Amino acid sequence: MSLDIDQIALHQLIKRDENQLELVLRDTLLPANATVEAMVEELHRVYSAKNKAYGLFNDESELAEALRNCRQGNDDFLAFSRAATGRLRDELAKYPFAEGGVVLFVHYRYLAVEYLLMAVLNSQSSMRVNEQLDISSTHYLDINHADIVARIDLTEWELTPDSTRYLTFLRGRVGRKVADFFMDFLGASVGLDTKAQNRGLLQAVDDYCAESQLDKSERQNYRQQVYSYCNEQLQAGEEIALEDLSKELPPLGEKSFQAFTQEQGYELEEHFPADRSTLRQLTKFAGSGGGLTLNFDATLLGERIFWDPATDTLTIKGTPPNLRDQLQRRTSSK
């Protein structure tokens, strides 16, 4: 992995009681030794693989102003990180779910792009066996389950200040409150809506097929081609490129798919991240609620699965063998 650490700072927030978060600040930057490099590479890998929300700094963002001063050489990275950790403590203290953790600031380069990654990492306890085969407890940073993380693409922020996607963050496992406090700390607003872009793409595909009056089989084949391209981009960690997707698809009538989207005003970006759950709708139907979960291939609708909209009833012909076995055993025991 061609990841080069420029500067890294580490601080800590310790929860003493329900209303107090104690600040513990390092006086020096963390040396970028082999262990630190391995940790940052793991954090970068884990973060890059997660679904992220996109944002941009507000005009009055204190963090953005402090970061500009640091980038311009008016302040050093350690001082920037210490002040930012203090602001993070103040924001966290407003919420009852606030917990402590290790606060990490990493300025690094990956594939010619500069990033600033900020994270609050929790520690977990585990057991280890030493060389004498004795068992003892140990603590480790729980990077895989980190959910308070944000990353700024410094290159895009400085070269394309009008961008709506140079800042990314995780929404967190405890709901919108995590995103809210972190956005307040960053002084940022939500930018590019990835799910909306993917939903717009799906709608455009359906409308394009409908305008060309494709039959059911042709429509599903077309959706499958769209899904194949998008899934390949997702697996490769690349974004959906509307022009490239259009070239992959056979034109329906006189207009290419890209020309159709532009003509109809779907407001799709030229490039946008793929959203796995939304794209799955190209080939599958899925839903859950009221104790019921259903998931089936789109090709089965009208063949083995039938929906009556008047009664909101699904009829399934031919159940999976393992489900049928469970039903038979349960009904025979009555």
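Residues numbered from 1 in each chain as written. Predicted model: local features only at pLDDT ≥ 70, side-chain atom pairs only at ≥ 80, totals over all residues. Heavy atoms only, no water.

By the naming in an unreviewed UniProt entry, the chain goes by Nucleoid-associated protein BBB56_12330 and is assigned to Candidatus Pantoea deserta. The Subcellular location (unreviewed entry) field of the UniProt record for the chain holds the comment "Cytoplasm, Nucleoid". Looking at the Sequence similarities (unreviewed entry) heading of the UniProt record, one finds this comment for the chain: "Belongs to the YejK family." (UniProt positions renumbered as here; feature names shortened; annotations may be inferred.)

Participant: Before we move on, can you summarise the overall build of the chain with the specific residues and values?
Facilitator: Scanning the chain from N- to C-terminus turns up 11 helices and 16 strands. Taken along the three principal axes of its C-alpha coordinates, the chain extends 70 × 60 × 40 Å. Partitioning the intrachain contacts of the chain with sequence separation of at least 6 by distance along the chain shows that 66% fall at a separation of at least 24. Averaging the coordinates of the 36 positive side-chain charges in the chain and doing the same for the 52 negative ones gives two points 8 Å apart. (Helix = DSSP H or I, 4+ residues; strand = E, 2+ residues; numbered from the N terminus. Contact = heavy atoms within 4.5 Å. Lys, Arg positive; Asp, Glu negative; His and termini not counted. Charge placed at Lys NZ, Arg CZ, Asp CG, Glu CD.)

Participant: Outline the layout of surface pockets, supporting the account with residue identities and numerical values.
Facilitator: The volume enclosed by the largest pocket comes to roughly 1,400 Å³. Around the largest pocket, the lining is made up of 41 residues, and of these Ser48, Lys52, Tyr54, Gly237 and Pro273 lie nearest the centre. Listing elements by their share of the lining of the largest pocket, those giving two or more residues are helix H1 (34-49), strand S3 (53-57), strand S5 (113-121), strand S8 (148-153), strand S9 (167-169), helix H6 (194-211), helix H7 (216-235) and helix H10 (276-279). Examining the composition of the lining of the largest pocket, we find that 4 residues originate from one element, H1, more than from any other. Its residues assigned to classes, the lining of the largest pocket comprises 18 nonpolar, 9 polar and 14 charged. Residues lining the lining of the largest pocket come from more than one domain, with at least three contributed by each of domain 1 (3-191) and domain 2 (194-282). (1 Å grid on protein atoms, 1.4 Å probe; cavity = no way out; pocket = protein on both sides within 12 Å on 5 of 7 lines; lining within 4 Å. Points joined across faces, edges and corners; volume = space filled by probe spheres on them. Nonpolar A, V, L, I, M, F, W, Y, C, P; charged D, E, K, R; others polar. Domains from an automatic or database assignment.)

Participant: Go over the sheet that holds strand S2 (residues 20-25), please, and point to the residues and values.
Facilitator: Taken in spatial order, the 8 strands of this open sheet run S2-S1-S4-S5-S8-S9-S3-S10, and their pairing is antiparallel. Whereas interior strands pair on both sides, the edge strands pair on one side only; in this sheet they are S2 and strand S10 (188-190). Neighbour to neighbour, the strand axes of the sheet diverge by 25 degrees on average, direction disregarded. Here S8 runs beside S9; their pairing, made up of 3 bridges, is antiparallel. By the bridge assignment, isoleucine 152 is partnered in S9 with leucine 167. Here H1 sits on the sheet in contact with strand S1 (3-17), strand S4 (101-110), S5, S8 and S9, set at roughly 85 degrees to S1. Contacts from helix H3 (residues 77-92) reach S1, S2, S4 and S5, with the element oriented near 35 degrees to S1. (Pairing = 2+ DSSP bridges. Axes fitted to C-alpha atoms, helices over the stretch in contact; angles between N-to-C directions.)

Participant: Residue-level account of the side chain of glutamine 258, with values.
Facilitator: Assignment of secondary structure puts glutamine 258 in helix H9 (residues 257-264). Ignoring sequence-local partners within four residues, the contact set of glutamine 258 consists of Leu242, Glu243 and Ser246.

Participant: Let's hear about the packing of aromatic side chains: which residues, and what values?
Facilitator: Ring pairs (aromatic) are described by centroid distance and by the angle formed between their planes. Across all of its chains, the model carries 12 aromatic pairs by this definition. Arranged with centres 5.5 Å apart and planes meeting at 35 degrees, the rings of tyrosine 108 and tyrosine 115 form a pair that is tilted. Through a chain of ring-to-ring contacts, three or more aromatic side chains come together here, namely Tyr208, Tyr222, Phe257, Phe260 and Tyr266. Cation over ring: lysine 52 sits above tyrosine 47, and NZ or CZ is 5.1 Å from the ring centre. Note that arginine 151 overlies the ring of tyrosine 115, its terminal NZ or CZ placed 4.4 Å from the centroid. (Phe/Tyr/Trp six-rings, centres within 6.5 Å; stacked < 30°, edge-to-face > 60°. Lys NZ or Arg CZ within 6 Å of the ring centre and 35° of its normal.)

Participant: Can you explain the domain arrangement of the chain? Please cite residues and give values.
Facilitator: According to the domain assignment, the chain contains domain 1 (3-191), domain 2 (194-282) and domain 3 (284-332). Computed over C-alpha atoms only, the centres of domain 2 and domain 3 are separated by 28 Å. Residue-level contacts link 5 residues of domain 2 with 6 residues of domain 3. Taken together, both faces of the contact between domain 2 and domain 3 bury some 390 Å²; the carbon and sulfur share is 49%. Contact with domain 3 buries surface across domain 2, with Lys216, Gln220 and Arg280 losing the most and accounting together for 83% of the total. Our enumeration of links across domain 2 and domain 3 arrives at 0 salt bridges. Its residues assigned to classes, the side of domain 2 that touches domain 3 comprises 1 nonpolar, 2 polar and 2 charged. (Buried area = accessible area lost by both parts, 1.4 Å probe. Salt bridge = Lys/Arg side-chain N within 4 Å of Asp/Glu carboxyl O.)

Participant: Account for the nonpolar core, naming residues and giving values.
Facilitator: A general feature of soluble globular proteins is that nonpolar side chains tend to end up buried together. One finds Phe57, Phe80, Leu88, Met118, Ile152 and Leu186 to be the most contacted residues of the largest nonpolar core, which totals 35 residues. Ignoring anything within four residues of it in the chain, the contact list for leucine 186 reads Phe57, Ser61, Leu63, Met118, Ala150 and Leu167. (Core = buried A, V, L, I, M, F, W, Y, C linked by side-chain atoms within 4.5 Å. Buried < 20%, exposed > 50% of the residue type's maximum accessible area, 1.4 Å probe, protein only.)

Participant: Break down the pattern of salt bridges for me, citing the residues and quoting the values.
Facilitator: Per the stated rule, a full pass over the model turns up 16 salt bridges. Aspartate 27 is the partner of arginine 82 in a salt bridge, and the nearest nitrogen-oxygen pair spans 3.3 Å. Of this pair, arginine 82 sits in helix H3 while aspartate 27 sits in the loop between S2 and H1, placing them 55 residues apart in sequence. The class of arginine 82 is partly exposed, set by a relative accessible area of 29%. Take aspartate 27: its relative accessible area is 62%, and that puts it in the exposed class.

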